[in-house]
Amino acid sequence: YPRRVRKAVVSTQSTGEEVLSEIQGAVATFRSKMAEMAAEDPKLKMMQKVMSDLDPVLALADPDLDQLLTLSSMAMESWLDARLGAGVTDHSIFAALTQHWEGEYWKDMADLGVLPPDVLTRVTDYVPEIVSYVQKIIDNGYGYESNGSVYFDSAAWRKDRGYLAKLKPESVGDLDALADGEGKLTDSSGKEKRNQVDFALWKRSKPGEPFWESPWGQGRPGWHIECSAMADAICGGKLDIHSGGEDLLFPHHDNEILQAESHSACNQWVNYFIHTGHLSIEGCKMSKSLKNFITIQDALKKNSGRQLRLHFLSHSWHGGLDYSESAMAEAVSTEKQFNDFFLLVKYHKSQLGEGISSFTKFGEGELKLTKSLENCQKTVHAALCDSFDTPSAMRALRSVVSDSYTYLNGRKTPNVRLLVKVGAYVTEILSVFGVITKQESIGFVSGDSSSSSEEAALPFVRVLSQFRDEVRSVAREIKAVSILQSCDNVRDNILPVLGVRLEDREAGEPAVFKIDDKDTLLREKKQREEEVARKEREKAEKAEAKAKAAREKLEKGKVNPMEMFRTDQYSAWDEQGLPTIDREGKPITQSQQKKLKKLQAVQDKLHKAYLQHISDLEI
């Protein structure tokens, strides 16, 4: 936004004084708005923060204009709109802006792993349908034209149906909520509406606003009408599920219902409404107007789309969701738990024999894990049937993974088929949740193309791992340190680049190999190297501190203890160099002498150490 402000204010003919004058005018208007706001208004705090950053720069004798334009962009917004907004008549300006941000939105959705919709509707593509929709509401007796705008006739509807809000009936008559919902569509004069609770279906456009032709003149769709009209165009006159944020309950969704049911003369437009909770940042509600938000791209710089999705799944869709470092740390931990489990199952699967040898006896441990899997499946199904309770479903998945580790603990020959069954179920549910991306294909799979590159690589990795085990065993016997170091290099530096994780076990046991995400392995490798470097730095810093302390000790030890008190603070000394009379002629007290003897004894040790050091150097 600051770039747009800069372009609007600064021209090639502008002088520095002119630009500064423009900024000062906008800031004065901004201050006036602040003075009119209530003290509890949350936007006031945000505006005060803007001014606290801006005032010190404005106070400078020669302020930097670029910095001023950046800091004052919020203050300039409404000021520029009031002065220049009416001059905007080219619709391509609006189209270019919306197309840009639509592109950014779909990029964000792709990065989050959100699948594209079957149908995408844009209001600008459906204006003819919206006009027809509004006209039918008028024809049915529930809309009226006024001064080029069209409003919903709440009195006529209440007379016929007896209600104005199904979702939040207690909010009927809340004029503040209605005005907040309508925004700039609100009839500020109060002369166009027949009733204060009437709302705009079509609004006459002001100069500088986008417009389309209609039977009522040039205008644009109301806030609520576009949703009802586009849904009707694609899905017909009835919806099964309608979703949105809980803040849209009233007036938006309630007004959508009035529009749809007055248009199609039905008694129930939507069977189920799903209203999601708010997103908060570190415990505070996220709000663009309060500048308390984080963009998706900024969030993705810290965490992956998968980790964000795991965080979302750990909360109910209708409850609040807090985005914080501690919450994301938990999501990262959950991802690691699942990933480590999948890698372990894949490793055991790679060791699975063929034919009847792959089937082993079910003992008590196998029966217990089977029961755990069955309980998990029942819990997940019941949770998803209970209003999409994903937190309970995720807890059940983590529980069966934990039980699988308990089963594997101390077991050298586990029932691999059972482990694979558990892994396949967990994978299936996480795929349903979008945590694992499904590989879509069309038509029959031919030949060996069904086998993944991971499965194709496993035989080669297995041979390499076995060969390395044999080399390490012989190297230990002959104590060939350089060969053992080469084996470690293969594990730590070469295989991670190829996406292979190798984990050595106790002597005599084969290493465990896993095909893993290359980026994850390289990130772990970098973290290990950084940790080693950190420890080396700390070691060097401690050594330097120790050496510095030793140097200071030696420097202090240069002074002979017999001479250390021969200063102008004293006027007489005994044969040991201890003071007997101070510079004012007063005798040194017994307690003072005791302290001085202790100091001299310490210095005696330092001096002897210094003399020994000099002697060692001469030798």
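Preceding this paragraph is the structure being described.
Each chain carries its own residue numbering, running from 1 in the direction its sequence is written. With pLDDT at 70 or above as the cut-off, local features in this predicted model cover only qualifying residues; side-chain atom pairs require 80 or more to be listed or tallied, and sums for whole chains, interfaces and linings still use all residues. Computation of side-chain values covers all heavy atoms of the structure but excludes hydrogens and water.

(A) Focus on the overall build of the chain. Summing up its helical and strand segments, the chain has 21 helices and 13 strands in all. This radius of gyration counts C-alpha atoms alone. The globule rule is 2.2 Å times how many residues there are, raised to the power 0.38. A compact globule built from 619 residues should have a C-alpha radius of gyration of about 25 Å, whereas the chain, at 38 Å, is more than 25% larger. For the chain, the C-alpha atoms occupy an extent of roughly 120 × 95 × 50 Å along the three principal directions. Considering the chain as a whole, with its 619 residues, one finds that 34% of them fall into the buried category. Pairs of residues are marked as contacts when any of their non-hydrogen atoms sit within 4.5 Å. The long-range fraction of contacts in the chain, counting pairs at least 24 apart against all pairs at least 6 apart in sequence, stands at 64%. Total accessible area on the chain is roughly 38,000 Å²; 54% of this is exposed by carbon and sulfur atoms. Looking at charge distribution, the chain has the averaged site of its 82 positive side-chain charges lying 6 Å from that of its 93 negative ones. Helix and strand labels come from DSSP, where a helix needs a run of H or I of at least four residues and a strand needs a run of E of at least two; each type is numbered from the N terminus. Exposure categories follow from relative accessible area, calculated using a 1.4 Å probe and restricted to protein chains: below 20% of the type maximum is buried, above 50% is exposed, and the middle band is partly exposed. Every accessible area reported is derived by Shrake-Rupley at a probe size of 1.4 Å, with residue values counting cover from the shown protein chains alone. Only four residue types enter the tally: Lys and Arg on the positive side, Asp and Glu on the negative side; His and the chain ends are excluded. Lysine's charge is taken at NZ, arginine's at CZ, aspartate's at CG and glutamate's at CD.

(B) Molecular detail of the packing of aromatic side chains. Working definition: rings of Phe, Tyr and Trp (its six-membered ring) pair if their centres are within 6.5 Å, and the pair is stacked with planes under 30 degrees apart, edge-to-face with planes over 60 apart, and tilted otherwise. Overall, the coordinates contain 12 aromatic pairs when judged by the stated rule. With a centroid separation of 6.0 Å and 45 degrees between ring planes, the pair formed by Phe341 and Phe342 is classed as tilted. Of the two residues examined, Phe341 and Phe342, each falls in the buried class. Feature note: the residues Tyr142, Phe152, Trp157, Tyr163 and Phe199 constitute an aromatic cluster, connected by ring pairs. Distance and angle both matter: a charge sits over a ring if NZ of Lys or CZ of Arg is within 6 Å of the ring centre and within 35 degrees of the ring normal. Over the ring of Phe359 we find Arg417; its NZ or CZ atom is 4.1 Å from the centre of that ring.

(C) Focus on the environment of Pro169. Among the secondary structure elements, Pro169 is positioned in the loop between α8 (154-161) and α9 (175-182). You can call Pro169 partly exposed: its relative accessible area is 48%. Taking the C-alpha atoms as reference, Pro169 lies 32 Å from Glu36; in sequence the two are 133 residues apart.

(D) Spatial organisation of empty space enclosed by the protein. Grid points spaced at 1 Å and placed over the protein atoms alone form the basis of the search, with a cavity being a set where a 1.4 Å probe fits but cannot get out and a pocket an open set showing protein on both sides within 12 Å along at least five of seven lines. Lining residues have an atom within 4 Å of a point. Grid points are joined across faces, edges and corners, and a volume is the space filled by probe spheres set on the points. Considering all chains together, one arrives at 2 cavities of 30 Å³ or more under this definition. By volume, the largest cavity amounts to about 90 Å³. Lining the largest cavity, in full, are Phe152, Ser154, Leu164, Val172, Gly173, Leu178, Val197, Phe199, Phe250, Asn255 and Leu258. Counted by class, the lining of the largest cavity contains 8 nonpolar, 3 polar and no charged residues. Every residue along the wall of the second largest cavity is listed here: Leu343, Lys346, Tyr347, Glu454, Leu458, Phe513, Lys514 and Ile515. Sorting the residues of the lining of the second largest cavity by element identifies α14 (325-350), α18 (453-478) and β11 (512-515) as the ones contributing at least two each. Classifying every residue of the lining of the second largest cavity gives 5 nonpolar, no polar and 3 charged. Throughout this entry, Asp, Glu, Lys and Arg are counted as charged residues, while Ala, Val, Leu, Ile, Met, Phe, Trp, Tyr, Cys and Pro are counted as nonpolar. The remaining residues, Gly among them, count as polar.

(E) Broad picture of the sheet that holds strand β4 (residues 219-221). In spatial order, the strands read β1-β2-β3-β4; together these 4 strands make up an open sheet with antiparallel pairing. Each edge of the open sheet carries a strand with a single partner, namely β1 (143-146) and β4. Strand after strand, the sheet turns through a mean of 25 degrees between neighbouring axes, direction not considered. Alignment of strand β3 (residues 200-204) against β4, held across 3 bridges, turns out to be antiparallel. Bridge pairing in β4 links Trp202 to Pro221. The criterion for strand pairing is that DSSP finds at least two bridges linking the strands in question. Axes here refer to lines fitted to C-alpha atoms; in helices the fit is confined to the stretch in contact. Angles between the N-to-C directions go from 0 to 180 degrees.

(F) Structural view of the sheet that holds strand β8 (residues 284-285). One open sheet holds the 3 strands; their spatial order is β8-β7-β9, and the pairing between them is mixed. At either margin of the open sheet sits one strand with a lone partner, and together these are β8 and β9 (321-323). When strand β7 (residues 279-281) meets β8, the two strands line up antiparallel, connected through 2 bridges. Bridging across to β8, Ile281 finds its partner in Cys284.

(G) Geometry of helix α15 (residues 364-385). Expected span, for any helix, means 1.5 Å times one less than how many residues it has. Between the first and last C-alpha of α15 there are 32 Å, a value that for 22 residues agrees with the 32 Å anticipated at 1.5 Å per step. Buried residues along α15 sit in contact with α16 (390-408) and α17 (416-432).

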